[in-house]
Every structure is written in structure tokens, then in C-alpha cells.
Amino acid sequence: MNAWLPRTLAQWFALLIGIAALSACLLLGLSREPKQALLSYLFAFFFFTGLSIGSLALLMIHAITGGAWGDCIRPPLLAAARLLPLMALAVIPVLVCMHLLYDWSAPATFGHHMQVRQQTWYLDPTFFVIRTIMYFVVWIGWLVAFTRNMGDGVRARRIAAPGLIVFGVTSLLASVDWAVSLTPHWHSSIFGMMVGTGWLLGACALATAIAATWRDREMTVAPDVLHDLGNLLLMFVLAWSYLAFVQYLTVWIADLPDENAWYIPRTLTSWRYLAWFLIAFNFALPFAVLLSRAAKRHRGWLRAIAVMLIVASCADAFWLIVPGSRTGGFALRWTDLCAPVGIGALWWCGWVGQLRAARSTWASSAAAAGELEQSHG
Amino acid sequence: MSARVHGLLAEFAEAEHLLAAVRRVREEGYFASCVEAYSPYPVEGLDEALDARHHWVPFWMLLGAIGGGTFTYWLEWYSAVVNYPINVGGRPTFSWPAFIPPAVEMTILWAVLLGVGAVLFGARLPRVHHPLFESHEFERATSDRFFLLVRSDDPRFDPQATQRFLKTLSPLSVVEVAE
């Protein structure tokens, strides 16, 4: 049975909404305000790609470390990671309309800046397209190799260990290509790691929200495992906050024109309230709640925090992509809603199908393991 | 009259046996505050069986964290803004982002200091000698054996009856520990 085909009414509905919202965003939006529409699209693409890659990386981390936490969130992670081919298709509009989005791809109107002229060998449209294709080839290749060998612990580890190194390098390069090159004369060595951690955080939050929701007989997650998931979320929240803060601190303290270009529209205009939102909901509140042992072991609390972190991760993607091209201050376009709803609905449609498939294989393998244990017992 | 008894020490080979024994002893009506368990590594569920869920260590650590962080941040503000303001490259005297790392470090330091203090205080340490050290069997508590101690200050404690009861829990040995 093909997990890609929609089977429930909700999936067909999501598929319809997704196609409608995406065509509205791309057709209507591109004809009216092309750059802003594409910016909304890039932010939505960035967020959902991050969920998929973060899920793949978490799966590989678990293949190396083991532990009950990873067994119970494997179905949602696997389902999200398997959507990478969908995200590879979703990148096409960005590549086709690159000249609208990235100033450096139209050198005629650009290139007065000394440093930017030196960047042209790297920020070259053809090279950019090749790199983006390479990222997806590498990610999907690793996904296929890893999921095929997941049952064999040793081989899965041998694929996962270099896979995590590749994840580190590619998430750095991809985030620089897609997000930082919107402000080409800006650079930050922390950026890639910060984005990679944010992707892991989003993926972990999504999987935890699902794990804390399941209540049926064979899938209910024990409080001890919920506790582990809560601690993992706390760790990702702290890691992301640390990297995001250190990047800001070093830029703030040096206060050099090349380094603060990224922060000027983000912190000196009303976009700063988005920063406060991120500080509150991607750091302070989850941190305070996740300190509590009781909250981490409580299904409802953990799910609430996880859902909040998913929303905050989405806001983080928005923060990374959009404000630099709306320098006037906080401003929303209708495409900002359309694009994430469109990509999100398609992503959800595929994810639910993959989740159903992953759950059934997971349940049957768990049952087989249980029988094995009993027969040896 | 024989020497006063500190308690009875039962020795087990497995963590599960210790856990089961603790549960049986508690069911028998011995007070949790008079029953002690010793193991070479943390045994899951043992704290619950001993009613040791609630302790003061997290409270003191939180207090240390909030107190240490707030005081350090205030100290930085006071010294840089009020007491001795200096112009550093035109930056504001209240350089709030730069004040955060030291405050975070002191948050962690004071949480750890008060946490260690609370553990020592709660465990009545430091202490140079303990009646259990007289028992030769007990030396293996830090390597591969699990011990259950019922102290003589429990109202249900009776040297003979308690010893008989502990022997029903199939321990490797039950020994009397002198005061």
C-alpha cells in the first residue's frame, strides 16, 4: 500500500486547501507583490524543511545513542523525515524565481559593495542551484540509506555517525544559502549551528507533541519516557537560546557595520517585538516549565509546551527570513498566512499517511519483539 | 546488658531484591524515616518506595539560582551605572546584553553551591564515623551489593522479631549493627 496516497477525508481536504493556498500565494502573490510573496514562501519552505531534516538528524542521533525516548518518537520522526522528497519539490519556485528574492543574483543592480564583489564566485545563480540540489540529493540519499538499514543496529550506526557530520555541514551551508544570503554582506559563524539546533528543536517538539497525545493501548508513553523527552526539549531550548544570544551579543558588542546589518531591521524597528516573542516562547516560558519534574512527567503539560515550541519555531523561521526585506518595521502580508498554510497542509497530508505506515510497522515490530521476549522468557 | 543496637542490616545481591524488600518492610508498617537503603548505583523506584520523593535540594538550588543570578546582575548594574560609570567605546553604561553571561555563570555557581550544601546538610555530613562502617559486609555497598537497614529507633523494631521478618525476605545475610 502506498503511504503517499491520501486515504482519509481530512487528508483530501488538506490536499485541496494546500493546493488552493499555494496557488493563491504563488500565482496571485507573484503577480501583485512578487518579492514579498516569495519571501513568505521561502519562510514556509524553510520551516517545514527544517522539521524534516531535524527529524532525520534526531533519528540518526538515536541510532547512535539508543534509549527508550527514541523508540517511542520514531514513527513521527520517520514520517517527517520521509517528506524530504516533497520539500525537494517545494524548493523549485525558490530556484526559479531566485532573482526576485536574492539581490546578488541580479549583478547589474548590485555589486557596488567591495566585499560582495568578492563573493560573486560563491553567490552565483548556477552554483546556488547546484548547491541546493546537492543538499537534497545528500539528505534524501542518507534518508534512504538510513531507513533501509534501520533494523540492523550496527549498519544503522555506521550510516548515522557520518550522517550527523553531514547534517552539521549541510545545515550550515543550506541555512547560509537560503537565509543569510538575503543579506549578502552579513556573516555570522554561529548562524548555521543556531539554525541546525532550531531544526532539531522543532522536530523534537513535533515528535514529543505526538508521543504525549497517543493514549491507545500499545502506544501510551510511560512517564519516565515523557520525562526524558522533556529533558531533551529543555536541552534543545537551552542550546538554541545560548547560540541565538551569543550571536546577538558578539554583534552587539563589536557594533561593526558589516556585522550588525542583519540586526538593524530586526532590533531597531518594531520587529523587535517578534524578538521578544521568541525570547518568551522559545526560551523563557518553556525553560521555566521544563525545569519542573512534575510538568515533564505530565502528558498535558508536556504536550502544551511542545505545541508552543512548534509555533515558536515557526516564528523563528519567520524571524530569520522575513524582516531583512521589510525594513520599515513589523508588517504582515496575506501571503505570510497563505504560504505556511499551503505548504503545511501538503506536508501534513503526506505526514499523516507516512505516520500511519510508520506506526503500523512499529506496532508489528514491537509485537514481534514482545513475542520473542515471551518465548525466551 | 548487651551493647545498644543501631539496627539490622540485610544484604541482597540484586537491585530488584532490595526494591522488593524495601516495599515489604514498608508494608509491614516500619516508618520510612527509619528504613535506609544502600546501593552502588541509583535504583529506579527506590526513592518512591522509601517515600523520599520530596526533598529540599531542588528548592535550595532554585533559591541559589535566582538569588545568585539576580544579585550578580544587580551588582553589575550598580558598579557600571551607579558606582563607577565609564564610557567604553560609546556604549551605554547599562550594557544589558554584556551583563548576562556573568549573571548566568553565577546562577549556575550558586545553584550548585546551595545544592551541594543541601545534600550535605540533608545527609548529616560531614561525619567521620558511622555505625555501619563496623560491618564488614557493608564494604561492598559501593561495589556490588545492596543493603537494607532497619534502624532500632523505629517503634516496631524488635531485635528478634525484626530479624526473623528480614530473614523471610531471602537476603544473603542479616547482621546486627552495634551503636
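Residues numbered from 1 in each chain as written. Chains lettered and ligands numbered in written order. Predicted model: local features only at pLDDT ≥ 70, side-chain atom pairs only at ≥ 80, totals over all residues. Heavy atoms only, no water.

1. Some details on the sheet that holds strand β3 (residues 146-151) of chain B
All names here are of chain B. Overall, antiparallel pairing links the 4 strands, which are arranged β2-β3-β1-β4 in an open sheet. One side of each edge strand has no neighbouring strand; the edge strands of this open sheet are β2 (35-38) and β4 (173-178). Taking each pair of neighbouring strands and ignoring which way they run, the sheet shows an average axis angle of 20 degrees. Sheet topology note: the strand β1 (residues 5-12)/β3 ladder contains 6 bridges and is antiparallel. Among the inter-strand pairings, G7 is bridged to a residue of β3, identified as R151. Here helix α1 (residues 15-27) sits on the sheet in contact with β1, β2 and β3, set at roughly 20 degrees to β3. The sheet strands contacting helix α5 (residues 159-167) are β1, β3 and β4, and the helix crosses β1 at an angle near 10 degrees. (Pairing = 2+ DSSP bridges. Helix = DSSP H or I, 4+ residues; strand = E, 2+ residues; numbered from the N terminus. Axes fitted to C-alpha atoms, helices over the stretch in contact; angles between N-to-C directions. Contact = heavy atoms within 4.5 Å.)

2. Overview of unusual backbone geometry
Among all residues except glycine, the phi angle is most often negative; among peptide bonds, the trans geometry is most common. Residue and element names in this part refer to chain B. Of note, the bond from L125 into P126 is cis; its omega dihedral lies within 30 degrees of zero at 0 degrees. By secondary structure assignment, the location of P126 is in the loop between α4 (96-122) and β3. Positioned with a positive phi, R124 is a non-glycine residue whose angle comes to about 55 degrees. Mapped onto the fold, R124 is located in the loop between α4 and β3.

3. Brief notes about the interface of chain B and chain A
Taken together, the contact pairs 10 residues of chain B with 8 residues of chain A. With both chains or domains summed, chain B and chain A bury close to 790 Å², and 69% of this area falls on carbon and sulfur atoms. Across the chain B-chain A interface, the total number found is 1 residue pair in polar contact (both at pLDDT 80 or more). Looking at the side of chain B that touches chain A residue by residue, the classes come out as 6 nonpolar, 1 polar and 3 charged. (Buried area = accessible area lost by both parts, 1.4 Å probe. Polar contact = N/O pair within 3.5 Å; in protein donor to acceptor, adjacent residues only side chain to side chain. Nonpolar A, V, L, I, M, F, W, Y, C, P; charged D, E, K, R; others polar.)

4. Let's talk about the nonpolar core
Counting residues in hydrophobic clusters, the biggest one holds 126 residues, and the most contacted among them are F45(A), Y102(A), F146(A), W178(A), I321(A) and W351(A). The biggest single contributor to this core is helix α2 (residues 34-65) of chain A, with 18 residues. (Core = buried A, V, L, I, M, F, W, Y, C linked by side-chain atoms within 4.5 Å. Buried < 20%, exposed > 50% of the residue type's maximum accessible area, 1.4 Å probe, protein only.)

5. Re the domain arrangement of chain B
Assigned domains within chain B: domain 1 (5-55 + 128-178) and domain 2 (57-122). Relative placement of domain 1 of chain B and domain 2 of chain B: their C-alpha centres are 43 Å apart. (Domains from an automatic or database assignment.)

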